[in-house]
Amino acid sequence: MPLSPLEWLTELIPPLRRKRRFLFAFYTAILDKSFPYFHKLSASSKKEFVQRVHHFRKSKNFHFIEMPERDDVSVLVSAAAIQLSFGLPEYLFGFFDDIYIISGAYTYGDSTTPWAGHVNGKGIHVAWDHVLKGYASDSDGYNVGLHEMAHALEYEFAYGEYRYDHERTIRFGAVRRLIAEYVLEQSYHPGAMFSEQGLTNYHECWAESVELFFERPANFQAHYPQLYEGIRRLLNQDPMEWQPAKLPLSKN
Ligand SMILES: [Zn+2]
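Rules of the game
Residues numbered from 1 in each chain as written. Predicted model: local features only at pLDDT ≥ 70, side-chain atom pairs only at ≥ 80, totals over all residues. Helix = DSSP H or I, 4+ residues; strand = E, 2+ residues; numbered from the N terminus. Expected span 1.5 Å × (residues − 1). Buried ≥ 20, exposed ≤ 12 C-beta atoms within 10 Å, placed from the backbone. Arc of directions from axis to C-beta. Domains from an automatic or database assignment. Contact = placed C-beta atoms within 7 Å. Axes fitted to C-alpha atoms, helices over the stretch in contact; angles between N-to-C directions. Parallel < 35°, antiparallel > 145°, perpendicular 65-115°, else oblique. Left-handed = near helix turned anticlockwise from the far one by under 90°. Nonpolar A, V, L, I, M, F, W, Y, C, P; charged D, E, K, R; others polar. Pairing = 2+ DSSP bridges.

S.K.: So what exactly am I meant to see when it comes to helix α3 (residues 43-58) here?
M.R.: In an α-helix, one turn spans 3.6 residues, which is why side chains three or four residues apart end up on the same side. Compared with an ideal rise of 1.5 Å per residue, which puts 16 residues at 22 Å, α3 spans 23 Å between its outermost C-alpha atoms and is within 8% of the ideal. If you check which residues of α3 are buried, you get F49, V50, V53, F56 and R57. End-on, the buried residues of α3 take up no more than an arc of 130°, which puts them together on one face. In α3, the exposed positions that point more than 90 degrees away from the buried face belong to S44 and K58.

What follows is the structure, given as structure tokens:
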């Protein structure tokens, strides 16, 4: 005798629950071990974070270059996208289907300088050893994962879902103006927070601002309060909230 719809659902739910529990444990173990941002989240936020990482990861094709395919690597690269977008409603970065993970720094095009990552219309590219280096410390202002996802978010505002989000597009435009006014058009750069590359153009300055916002929030806010506030409003999260005390200002 065929099962009624209710019986069918009742049969289906326990395995689905088991699968969900297994997935949550799998992602949590990886994030707990190697993703400092995850430690700062409440228990309910951790659940939400894991779900978002899972959905993001499942929505992309991961290509592993000069390295074996690894689940923990795709989880940790996905986690950077979710950290950046955790205060936002849309987090799938739907403009991109492909993520390329290269074992180490690589050269691209005519450039002879090794790259740690780049983003173009074909996908998001990151050097895995640099991504790991970025996650090793969450207070040195260096995070290739966040940096490249910040570039990817620009594409989302230009061509993806956020192109239709009027309010957030205005906030993104405001950040662009703040970067021009308070960083790129200035001859003095307090705290020497940006690299030479970060001062070359808006795109690099935005990506480095994201790294500083998450990893050196107290210093960044002290030196660039308007820009910090603009990014806080855009991303709808505030790394200062989980800083127990303001860090001393850097001397250089
Ligand atoms: Zn960049």
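S.K.: For this particular structure, what's the right way to read unusual backbone geometry?
M.R.: In most cases, non-glycine residues show a negative phi, while peptide bonds are predominantly trans. The phi dihedral of F93 is positive, around 45°, even though this residue is not glycine. Here F93 shows up in the loop between α4 (71-84) and β2 (98-102). Despite not being glycine, A192 has its phi angle at roughly 45°, a positive value. Mapped onto the secondary structure, A192 falls in the loop between α7 (166-184) and α8 (202-215).

S.K.: Any chance you could explain the domain arrangement of the protein chain here in plain terms?
M.R.: It is common to report an interface's size as the accessible area lost on association of the parts. Here the protein chain is partitioned into domain 1 (1-161) and domain 2 (165-252). Each of domain 1 and domain 2 has a C-alpha centre, and these two points are 23 Å apart. At the interface, 17 residues of domain 1 touch 15 residues of domain 2. Considering every element that reaches the side of domain 1 that touches domain 2, the biggest residue donor is helix α6 (residues 144-159), with six residues.

S.K.: Got a minute to help me understand the environment of K47 in this structure?
M.R.: Assignment of secondary structure puts K47 in helix α3. Taking the C-alpha atoms as reference, K47 lies 38 Å from P190; in sequence the two are 143 residues apart.

S.K.: Could you clarify how one ought to interpret the packing of α4 against α6 in this entry?
M.R.: Helix packing for two helices is described by the angle between their axes and how far apart those axes are. Running from N to C, α4 and α6 point in directions that differ by 60°, and their axes come no closer than 9 Å. By the criterion of interaxial angle, the relationship of α4 to α6 is oblique. Of the two possible hands of crossing, α4 and α6 adopt the one that is right-handed. From α4, V77, A80, A81, Q83 and L84 reach across to α6, where they touch G145, L146, M149, A150 and L153. Grouping the amino acids of the contact of α4 with α6 by side-chain chemistry returns eight nonpolar, two polar and no charged.

S.K.: Help me out: how do you make sense of the sheet that holds strand β4 (residues 123-127) in this one?
M.R.: For sheets, the rule is that strands pair by backbone hydrogen bonds, running either parallel or antiparallel. Read across the open sheet, the four strands follow the order β1-β2-β4-β3; overall the sheet is mixed. The open sheet has two edge strands with one neighbour each: β1 (61-65) and β3 (117-120). Ignoring strand direction, the axes of neighbouring strands in this sheet form an average angle of 15°. Relative to β4, β2 is paired through four bridges, and the arrangement is parallel. For I101, the partnering residue across the bridge sits in β4 and is V126. Lying over the sheet, α6 contacts β3 and β4, oriented at roughly 10° with respect to β3.

S.K.: What is the right way to read the environment of V144 from this model?
M.R.: Locating V144 in the fold gives a position in helix α6. Taking the C-alpha atoms as reference points, V144 and G117, separated by 27 residues in sequence, lie 7.0 Å from one another. Each residue touching V144, except ones within four places of it in the same chain, is listed here: A116, G117, V126, A127, H130, V131 and G134.

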